[in-house]
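# A closer look at the structure
What follows is the residue order along each chain.
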Amino acid sequence: MRTSSTSSRLLAATALVAALGLTLSACGGGDDDNGSSGSKGKSSSGGTLTYWASNQGTSLDNDKQVLTPELAKFTQQTGIKVKLEVIPWSDLLNRILAAATSGQGPDVLNIGNTWSASLQATGALLPFDDATFAKIGGKDKFAPASIAAAGAAGKDPAAVPLYSMAYGLYYNKKMFADAGIANPPKTWDELVADGKKLTTGGHYGLAVEGGNGSENIHHAFVLAKQRGSDWFDASGKATFDTPNNVAAVKQYVDFIAKDKIAAKGNAEYAQNQTITDFATGKAAMMMWQSAATSIKSHGMNPDQYGVVPVPTQQAGATGDAGVTSMVAGINLAVFKNSKNIDGALKFVNFMTSDAEQKTLNSTYGSLPPVKAAQSDPAFQTPDLKTLASVLGSSAAPLPQVPNEAQFETLVGTAVKDLFADAAAGKDVTTDSVKAALSKAQQQMPAS
Amino acid sequence: MTATAPPRSAPEAGPSDGKSVGRGRLRPRVPDRLRRVGVPYLMLFPALILELLIHLVPMIVGIVISFKGLTQFFIRDWGSAPWTGLDNYRMAVKFNQPVGEALLHSFWVTVLFTLLSVGFSWLIGTAAAILMQDAFRGRAVLRAIFLVPYALPVYAAVITWAFMFQQDTGLVNHVLHDQLHVTSNKPFWLIGDNSFWALVIVSVWKSWPFAFLCLMAGLQNIPRELYEAAAMDGAGIWQQIRKITLPSLRPVNQVLVLVLFLWTFNDFNTPFVLFGNSAPHSADLISIHIYQSSFITWNFGSGSAMSVLLLLFLLVVTAFYLLFTRKRDVDA
């Protein structure tokens, strides 16, 4: 009896201690996270930054190979170490949201430039006011079009441009010559006419990435802009189903539905099969952004294709009617919760320096948004010169509104469903397009 | 259940308590009794804390969020998100408005999908288990092969299906159209109306091995003699299945069907890997729909409200199912 009561006391005590220990460790969990979560603890001593890079190369490993030597240069110059993590596009936005929610995140990160206004609204990113810009060499070192795609108009940008891209019309020179077409199309009517000539025997005039919502949005945006139409009014309210937007979406879907210059199978393309089709000669044209590296990886040489600006409704159009591309690109942002803002800004300054801009953009096949780097010979190839002039003179930023992410999802999906209808042989009419866009608009949150 | 335990055990502990007090005179009486009663609870305490931390707290947070207008403007500081009362719920159940209409559509798609998937999985699983019951050459190999879909990582398996279902280059169309000439032109499987059937096929392929595994285990418990006796009485194979196998498997089936139902109804991986983050209209399962409402459109309050509604629905269905099946057991 005595032993049993001792042992039960022992047990009770052990249990109590265990329970207390558990509670303590549960409480301690939070402190622990705050104290040691990578960058934060260490970076306050100026030692380490955490950098989330987006996937710009052919693979995550490729990105690591490209960036690691550059980051080593930064460490050499400043003594600050950089912990690199390359995050695939499918995860990036969710990771950023989680970081914004918890306050635990990287110090510096890449964002898709179309997310700028949405992420700006979360308040998680450090605004670049004049004083902040001064630390990284001033606002004027960047091309204005790229800065315009870094946050809502009238607010301090939430990020700075890092890599810039623009859409161009890529065409297969040999297929054009074989079909007896002397010059690439300048208007949509010409594009459709050429497309019909090129669509024979399993080959198609055009390839489109119909199953990819973001691609759909980018083209619908340009086609609407050429009609002088926007997707949001001045107060930020959605205006998806205006007649001009309906016409824009219908024109895009009609490449499969009515004109039949793109293969029906394009409706489910979402893994860049468009580039494969173009590089393998299955399609004679595509509208894509900075595709040189990808085309080459599929075995097509730069002299086999040409790049011209995307067509307009009338030849030689200017202003909104002459817009041929969105301002595409990647921005670099600083996480506001970073304990080492100064170090983070030094890193931003480094990444947007002339030398790094030349190295990184020429490796990734993109264009430098930093003006001084643009004149480098690496960016004087015919295709990059075309894209640079598009970016400089006929590109417009996607709507920089907080609900941009919702716009991409809802309208992108609506267009994808319309493509599916077209592929299944169902009629795509002005009414059916309007119905789809109205539905998307009604699902937008009021803001 | 636990609340009623202490009063009952306290009087029982009384007499033995007195004895021990008699031996250890100086020990105070009350702590001793308290200790005897309290020790089991103390032992349960760590588990209770973990249960609270891991299960209940996130659930309660989710329910709280459903009453808030938690959008991207507030995710940095949840507390500052405005209380919206029942607005999120109202928006979700207004079935004549676009949001409610889409949710209802998604709900019916999910119900139909679940019925078909669970039904076929169970049917194939049962048939296979019964066929595999008698020993024959190669039975072990077949059993192992049947379990492969269950053992494969979901992502790897479903991505393979996604490739097979591609319209232009996929294996499915190659067989149906190019080899067998069943269809006049290549159908689309991953977009449009067929995507529902693609989803059902992958889901059945993925879940029937689990039914097979459970039922195979259940079959081991049925005594051979029952079949022998039935055979002596002249019962054919169908009668044996109907009169012996299925009734004996009822307890297994009761759990199996419930588990399959819950898994299938909540399945996220299959549609997400097949279709990406925006599923085609005809295959817009509720889990993907809620994911879109919260993560893609950044409206976590509305997504949480839909999740709570889904939870309530599943609770009600489960309760009715258990009541109904238990009542049948009692009746029988």
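Treat the numbers as computed from the prediction; the structure is a model and nothing was measured. (Residues numbered from 1 in each chain as written. Chains lettered and ligands numbered in written order. Predicted model: local features only at pLDDT ≥ 70, side-chain atom pairs only at ≥ 80, totals over all residues.)

## Considering the overall build of chain B
Counting its secondary structure elements, chain B contains 15 helices and zero strands. Counting every position in chain B, which comprises 332 residues, the buried fraction comes to 29%. Here the contacts in chain B between residues at least 6 apart in sequence split such that 62% fall between residues at least 24 apart. (Helix = DSSP H or I, 4+ residues; strand = E, 2+ residues; numbered from the N terminus. Buried ≥ 20, exposed ≤ 12 C-beta atoms within 10 Å, placed from the backbone. Contact = placed C-beta atoms within 7 Å.)

## Here's the deal with the sheet that holds strand 3 (residues 108-112) of chain A
All names here are of chain A. Ordered in space as 2-1-3-10-4, the five strands form an open sheet in which the pairing is mixed. Of all strands in the sheet, those with a lone pairing partner are strand 2 (81-87) and strand 4 (160-165), marking the two edges. Taken pair by pair, the neighbouring strands of this sheet meet at an average axis angle of 20 degrees, ignoring direction. When strand 1 (residues 48-54) meets strand 2, the two strands line up parallel, connected through seven bridges. Across the sheet, residue W52 finds its bridge partner in strand 2, namely E85. (Pairing = 2+ DSSP bridges. Axes fitted to C-alpha atoms, helices over the stretch in contact; angles between N-to-C directions.)

## Concerning the nonpolar core
Ranked by internal contacts, the top residues of the largest apolar core, which has 179 residues, are Y170, L206, A220, V249, V348 and V411 of chain A. A total of 12 residues in this core trace back to one element, the largest contributor, which is helix 9 (residues 194-220) of chain B. Leave out the neighbours within four places in its chain, and A220 of chain A touches A248, V249, Y252, V411 and V415 of chain A. (Core = buried A, V, L, I, M, F, W, Y, C linked by C-beta atoms within 7 Å.)

## Topic: the confidence of the model for chain A
Residue and element names in this part refer to chain A. Scored by pLDDT, chain A has a mean of 88; 89% of the residues are at 70 or more. Across residues 1-6, confidence stays below pLDDT 50; counting only partners more than four residues off in sequence or on other chains, it has three contacts. The low-confidence segment residues 10-45 (pLDDT under 50) makes 41 contacts with residues lying over four places distant or belonging to another chain. (pLDDT = per-residue confidence, 0-100.)

## Describing the packing of helix 10 (residues 213-225) of chain A against helix 11 (residues 243-257) of chain A
Residue and element names in this part refer to chain A. Across the interface, helix 10 lies against helix 11 with an axial gap of 8 Å and an inter-helix angle of 125 degrees. Comparing their axes, helix 11 and helix 10 come out oblique. Once helix 10 is placed against helix 11, the crossing between them reads as right-handed. Taking contact as the criterion, the partners of H219, A220, L223 and A224 in helix 10 are, on helix 11, N244, N245, A248, V249, Q251 and Y252. Among the residues making up the contact of helix 10 with helix 11, the classes are represented as six nonpolar, four polar and no charged. (Parallel < 35°, antiparallel > 145°, perpendicular 65-115°, else oblique. Left-handed = near helix turned anticlockwise from the far one by under 90°. Nonpolar A, V, L, I, M, F, W, Y, C, P; charged D, E, K, R; others polar.)

## Re the UniProt feature "transmembrane region" (unreviewed entry) in chain B
All names here are of chain B. In the numbering used here, UniProt assigns the "transmembrane region" (unreviewed entry) feature to residues 41-67, 107-132, 144-164, 196-219, 248-265 and 304-324. Annotated as 100% helix and 0% strand, the span residues 196-219 places its first and last C-alpha atoms 33 Å apart. Secondary structure across residues 248-265 comprises 94% helix and 0% strand; the distance between its end C-alpha atoms is 27 Å. (UniProt positions renumbered as here; feature names shortened; annotations may be inferred.)

## Overview of the domain arrangement of chain A
Residues and elements named next belong to chain A. Domain parsing of chain A yields domain 1 (41-164 + 328-395) and domain 2 (167-326 + 403-442). Put simply, the middle of domain 1 and the middle of domain 2, counted by C-alpha atoms, are 28 Å apart. Contact residues are listed per partner, giving 15 residues for domain 1 and 19 residues for domain 2. The element that contributes the greatest number of residues to the side of domain 1 that touches domain 2 is helix 17 (residues 382-393), accounting for four residues. A breakdown of the residues in the side of domain 1 that touches domain 2 according to their chemical character gives seven nonpolar, seven polar and one charged. (Domains from an automatic or database assignment.)

## Some points on the sheet that holds strand 7 (residues 283-289) of chain A
All names here are of chain A. Taken together, four strands build an open sheet; the order of strands is 6-7-5-8 and the sheet is mixed. Since the sheet does not close on itself, it has two edges, and those belong to strand 6 (204-207) and strand 8 (305-308), each with one partner. The average angle at which neighbouring strand axes cross in this sheet is 20 degrees, direction not considered.

## Considering the packing of helix 11 of chain A against helix 18 (residues 404-423) of chain A
Residues and elements named next belong to chain A. Running from amino to carboxyl end, helix 11 crosses helix 18 at an angle of 30 degrees, the nearest separation of the two axes being 9 Å. When the axis of helix 11 is compared with that of helix 18, the two are roughly parallel. Seen from above, helix 11 lies across helix 18 with right-handed handedness. Within the contact between the two elements, helix 11 uses V249, Y252, V253, I256 and A257 and helix 18 uses V415, L418, F419, A422 and A423. By residue class, the composition of the contact of helix 11 with helix 18 is 10 nonpolar, no polar and no charged.

## Considerations on the interface of chain B and chain A
Counting from both sides, the interface comprises 35 residues of chain B and, opposite them, 41 residues of chain A. Every element with two or more residues in the side of chain B that touches chain A is listed here: helix 1 (5-23), helix 2 (29-65), helix 4 (98-131) and helix 14 (286-296) of chain B. A total of eight residues in the side of chain B that touches chain A trace back to one element, the largest contributor, which is helix 2 of chain B. Tallied by class, the residues present in the side of chain B that touches chain A amount to 19 nonpolar, 12 polar and four charged.

## Brief notes about the UniProt feature "domain: ABC transmembrane type-1" (unreviewed entry) in chain B
Under the local residue numbering, the UniProt record ascribes the feature "domain: ABC transmembrane type-1" (unreviewed entry) to residues 107-321 of chain B. Between the C-alpha atoms that bound residues 107-321 of chain B there is a distance of 19 Å. The span itself is 75% helix and 0% strand.

## A few points about the pairing of strand 1 of chain A
All names here are of chain A. Among the seven residues of strand 1, six are classified as buried, and the element is accordingly described as predominantly covered. Here strand 1 pairs with strand 3 via two bridges, running parallel. Bridged to Y51 within strand 3 is V108.

## What about the confidence of the model for chain B?
Within chain B, residue pLDDT values average 85, and 89% of them lie at 70 or more. In the predicted assembly, ipTM is 0.73 and pTM is 0.80.

## Focus: the environment of F212 of chain B
All names here are of chain B. Mapped onto the secondary structure, F212 falls in helix 9. Since 24 C-beta atoms lie within 10 Å of it, F212 is described here as buried. Through-space distance from the C-alpha of F212 to that of N253 is 11 Å; in sequence the pair is 41 residues apart. If near-sequence neighbours (up to four positions away) are discounted, F212 is found in contact with G125, A128, A129 and F146.

## Observations regarding the environment of S229 of chain A
Residues and elements named next belong to chain A. If you trace the backbone, S229 turns up in the loop between helix 10 and helix 11. Distance in space between the C-alpha atoms of S229 and P243 is 9.1 Å, their sequence separation being 14 residues. Dropping the residues within four chain positions of it, S229 is found in contact with A224, T242, N244, N245 and A248.

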